[in-house]
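Listed here are the chains, written in short residue letters.
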Amino acid sequence: MTTIRLPTTSSTPSGSVLGPAPHRTESAGAYRATGGYGAAATGPEELLAHLTDSGLRGRGGAGFPAAVKLRSVRDGGGAPVVVANGEEGEPGSAKDRWLLRARPHLVLDGLVRSAEITGAVRGFVYLSDPAAAASVRRALTEHPPPLPVEVVETAHTYVAGEETAAVRRIDGGPALPTAKPPRPFERGVGGAPTLVSNVETLARIALTAARPDLRRDIAHGTLVTLSGRAAGPVLTEAAYGTSLRDLAERHGSPDATGALMGGLFGGLVDARALDLPLEPAALAAAGTALGCGAIRFLVPGDCPVTTAADAAAHLSAESARQCGVCVSGTGAVGNALHALAAGTAAPDTPDHLQRWATGLRGRGACGLLDAAAGIAGSLLRSFPALVRSHLAAPCPDCAGHAPADGRRRLTVAVPEVAVPPGRIPAPPRPAAGRATGAPRASSPTAIPLPTLKGTP
Ligand code: SF4
């Protein structure tokens with residue numbers, strides 16, 4: 001397994017998520033020493049105003065404004081619920097699991113701050129990584145939060161982190177998306193207005209509470225997981241405005257020829273796009289997206305057609321098979337791209353791919369089908385000559401990559417984080433007589449978890 005590289009950050013600014021010691025789990029005391037858990041520093045209304053002013057956007061993929069989401073849950077009435085979503089499904093991303101393993105207090109502080117803003121009466125941390133779960137349980141014992149917070153585990157899949165899947169799982173069902181509306185902010189866990197927030201978003205909310213003077217820097221920085229064939233994966237933090245080319249050099253891919261953006265969500269871009277700044281609006285204008293911040297760089301010898309085929313194969317295998325159009329659509333895109341890579345595609349394959357790229361969008365209950373359409377469309381848009389050449393003759397670069405390895409090629413390992421010595425506290429027992437939809441918090445009957453594979 002490849003160990004992900006982390007920067008040594010003794011000079012990390014206080015508005016950074018990476019923190020001073022990214023290789024070991026931060027204790028409550030160390031977190032307090034950085035200004036965390038400073039209860040009276042910034043009140044909920046003031047913090048909401050700072051978040052509005054900073055323009056902080058969610059870091060789970062969709063990039064929705066954090067303050068708007070918080071306000072919607074607060075104004076939804078009833079007894080709101082807050083959920084820290086640490087279940088990252090994109091195969092190229094490791095930042096959320098690292099964050100929960102290394103800086104659980106930063107996430108929990110952000111969850112408590114969000115509860116204060118929304119008036120939430122209970123919270124959950126939703127994840128699949130066993131090491132992250134142990135880290136969060138330890139942190140909850142070290143510094144008990146002012147509202148009940150429970151850990152809910154799930155199996156690691158591409159769609160388990162989708163917000164409605166998280167709600168469904170916490171309510172005792174399978175971790176599968178449901179049709180929208182209603183969205184969780186309208187009706188979520190137990191029917192209550194629910195904030196489902198990515199753990200990096202929560203970390204940035206906590207940082208903003210501690211250092212409101214740095215709110216714009218905090219909102220305009222992001223964790224990125226960089227990977228590719230040229231070098232091992234790297235988890236780092238980058239300011240908006242950093243060019244993709246700078247990040248390629250930071251990864252060890254200075255001769256990058258393109259990239260797979262946002263995990264699988266942002267599609268493929270060519271070498272010209274490497275001059276784009278890491279900034280949501282600029283990336284959107286270029287037809288791509290930062291998503292969860294996972295970027296896989298292509299280097300000479302990597303064929304974008306193979307990468308697209310790998311991505312489509314991953315999505316097809318991860319389809320939750322709830323929507324008929326998703327089962328047939330992801331399968332068709334996957335088969336077509338596989339045929340292109342294998343040199344066996346029919347002459348009209350690009351036409352089919354183009355039709356699916358536009359026709360499949362928005363037709364599934366979650367974003368997986370959109371991602372498959374995006375992979376097909378971005379390949380045609382960014383590498384049209386290459387697609388045509390695959391119809392004329394077999395591609396030597398594609399021939400060098402066994403399709404069976406495709407999903408593994410896109411998967412990165414989570415960074416190793418040293419756990420402090422001491423016994424991990426036993427999980428709390430669920431309260432007796434809980435209403436239907438009770439969370440499976442800390443349950444000894446948690447679903448068995450798959451092992452993550454590292455990049456070759
Ligand atoms: S679009 Fe696909 S992955 Fe998403 S809910 Fe429907 S079947 Fe499942």
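Definitions and cut-offs
- Residues numbered from 1 in each chain as written.
- Predicted model: local features only at pLDDT ≥ 70, side-chain atom pairs only at ≥ 80, totals over all residues.
- Heavy atoms only, no water.
- Helix = DSSP H or I, 4+ residues; strand = E, 2+ residues; numbered from the N terminus.
- Buried < 20%, exposed > 50% of the residue type's maximum accessible area, 1.4 Å probe, protein only.
- Contact = heavy atoms within 4.5 Å.
- Pairing = 2+ DSSP bridges.
- Axes fitted to C-alpha atoms, helices over the stretch in contact; angles between N-to-C directions.
- pLDDT = per-residue confidence, 0-100.
- Near = heavy atom within 4 Å.
- Nonpolar A, V, L, I, M, F, W, Y, C, P; charged D, E, K, R; others polar.
- Core = buried A, V, L, I, M, F, W, Y, C linked by side-chain atoms within 4.5 Å.
- Parallel < 35°, antiparallel > 145°, perpendicular 65-115°, else oblique.
- Salt bridge = Lys/Arg side-chain N within 4 Å of Asp/Glu carboxyl O.
- Phe/Tyr/Trp six-rings, centres within 6.5 Å; stacked < 30°, edge-to-face > 60°.

S.K.: Outline the overall build of the protein chain, listing residues and values.
M.R.: Helix and strand content of the protein chain: 18 helices and nine strands. The 456 residues of the protein chain split such that 55% are buried. Relative to all contacts within the protein chain whose residues are 6 or more apart in sequence, the contacts with residues 24 or more apart total 74%.

S.K.: Break down the sheet that holds strand β2 (residues 122–127) for me, citing the residues and quoting the values.
M.R.: Overall, parallel pairing links the four strands, which are arranged β3-β2-β1-β4 in an open sheet. Among the strands making up the open sheet, the edge pair consists of β3 (149–153) and β4 (194–198). If you compare each strand with its neighbour and ignore which way they point, the axes differ by 20° on average. Bridge count for β2 against β3 is five bridges, and the pairing is parallel. By the bridge assignment, Y126 is partnered in β3 with V152.

S.K.: So what about the confidence of the model for the protein chain? Which residues, and what values?
M.R.: Averaged over all residues, the pLDDT of the protein chain is 87; the fraction at 70 or higher stands at 88%. Every residue in residues 8–12 scores below 50 in pLDDT, and together they form seven contacts with partners more than four places removed in sequence or on other chains. Overall, residues 427–456 carries pLDDT values under 50, and its contacts beyond four positions in sequence, including any with other chains, amount to 63 contacts.

S.K.: Kindly report on the sheet that holds strand β7 (residues 258–261), identifying the contributing residues and their values.
M.R.: Strand order across the open sheet formed by five strands is β6-β5-β9-β7-β8, with mixed pairing between neighbours. Lying at the two open borders of the sheet, with one neighbouring strand each, are β6 (234–239) and β8 (267–270). Across the sheet, the mean angle separating the axes of adjacent strands is 30° when strand polarity is ignored. Direction of pairing for β7 relative to strand β9 (residues 294–298): antiparallel, over a ladder of four bridges. Bridge pairing links M261 to I295 in β9.

S.K.: Give a description of unusual backbone geometry that names residues and reports values.
M.R.: Backbone torsion omega between K180 and P181 reads -5°, so that peptide bond is classified as cis. Among the structural elements, P181 can be located in the loop between α7 (163–170) and β4. Each neighbour pair has its own omega, and for P181 with P182 the value is 0°, a cis peptide bond. Position of P182 among the secondary structure elements: in the loop between α7 and β4. Look at R321: it is not a glycine, yet its phi comes out positive at around 60°. Assignment of secondary structure puts R321 in the loop between α12 (304–318) and α13 (324–342).

S.K.: Describe the site of the ligand, listing the residues and the values that go with them.
M.R.: Around the ligand lies a shell formed by V159, P177, S319, A320, R321, Q322, C323, C326, G364, A365, C366 and L368. Its residues assigned to classes, the shell around the ligand comprises eight nonpolar, three polar and one charged.

S.K.: Describe the nonpolar core, and please don't skip the residues or the numbers.
M.R.: The biggest cluster of nonpolar side chains holds 50 residues, and the ones touching the most others in it are W98, L108 and V125. Counting residues in hydrophobic clusters, the runner-up holds 40 residues, among them A345, L368, A372 and A373.

S.K.: A description of the pairing of strand β5 (residues 221–228) should follow, citing residues and the corresponding values.
M.R.: In terms of burial, β5 is a largely internal element, eight of the eight residues being buried. Side chains G221, L223, T225 and S227 of β5 all project onto a buried face; the interleaved residues T222, V224, L226 and G228 project onto the opposite face, where all are buried too. Examined bridge by bridge, β5 and β6 share six bridges and lie antiparallel to one another. For L223, the partnering residue across the bridge sits in β6 and is E237. The antiparallel hairpin formed by β5 and β6 contains five residues in its connecting segment.

S.K.: How would you explain the environment of P145 if you had to name every residue and give the values?
M.R.: On the secondary structure map, P145 appears in the loop between α6 (130–142) and β3. Residue classification places P145 among the partly exposed positions, given a relative accessible area of 22%. Setting aside chain neighbours within four positions, we find P145 in contact with V112 and L140.

S.K.: Explain the packing of helix α5 (residues 104–118) against helix α8 (residues 199–210) residue by residue, including any values.
M.R.: At a minimum axis separation of 7 Å, α5 and α8 run at an interaxial angle of 75°. The angle between α5 and α8 places the two elements in the roughly perpendicular class. Counting all contacts with α5, which are made through L106, V107, D109, G110, L111, R113 and S114, the residues of α8 involved are V199, L202, A203, I205, A206, L207 and A209. Of the residues contributing to the contact of α5 with α8, the split by class is ten nonpolar, two polar and two charged.

S.K.: Account for the pattern of salt bridges, with residues named and values stated.
M.R.: In total, this model carries 22 salt bridges according to the counting rule given. Residues R216 and D53 are paired through a salt bridge, measuring 2.6 Å at the closest nitrogen-oxygen approach. Of the two residues, R216 sits in helix α9 (residues 215–219) while D53 sits in helix α2 (residues 44–54), which places them 163 residues apart along the sequence. Put simply, E200 and R204 hold a salt bridge, and the shortest N to O gap is 2.9 Å. Here R204 and E200 lie together in helix α8, a separation of four residues that amounts to about one turn. Each of R59, K95, D96, E200, R204 and E237 takes part in a single network of salt bridges with overlapping partners.

S.K.: Got a sec to walk through the packing of helix α3 (residues 66–74) against α5? Specific residues and values, please.
M.R.: At a minimum axis separation of 8 Å, α3 and α5 run at an interaxial angle of 50°. When the interaxial angle is binned, α3 and α5 end up oblique. For the pair formed by α3 and α5, the contact residues are L70, V73 and R74 on the first element and S114, I117 and T118 on the second. Partitioned by chemical class, the residues of the contact of α3 with α5 number three nonpolar, two polar and one charged.

S.K.: Tell me about the environment of A312, and name the residues and values.
M.R.: Mapping A312 onto the fold places it in helix α12. Through-space distance from the C-alpha of A312 to that of A372 is 5.8 Å; in sequence the pair is 60 residues apart.

S.K.: Just give me the short version of the packing of aromatic side chains, but keep the residues and values in it.
M.R.: Within a pair of aromatic rings, the relevant descriptors are the distance that separates the centres and the angle that separates the planes. The final tally for this structure, using the stated rule, is one aromatic pair. Ring centres of Y31 and Y37 lie 5.0 Å apart, and the angle between their planes is 90°; this geometry places the pair in the edge-to-face category. Exposure remark for Y31: the relative accessible area of 2% places this residue in the buried category. Classification of Y37 as buried rests on a relative accessible area of 15%.

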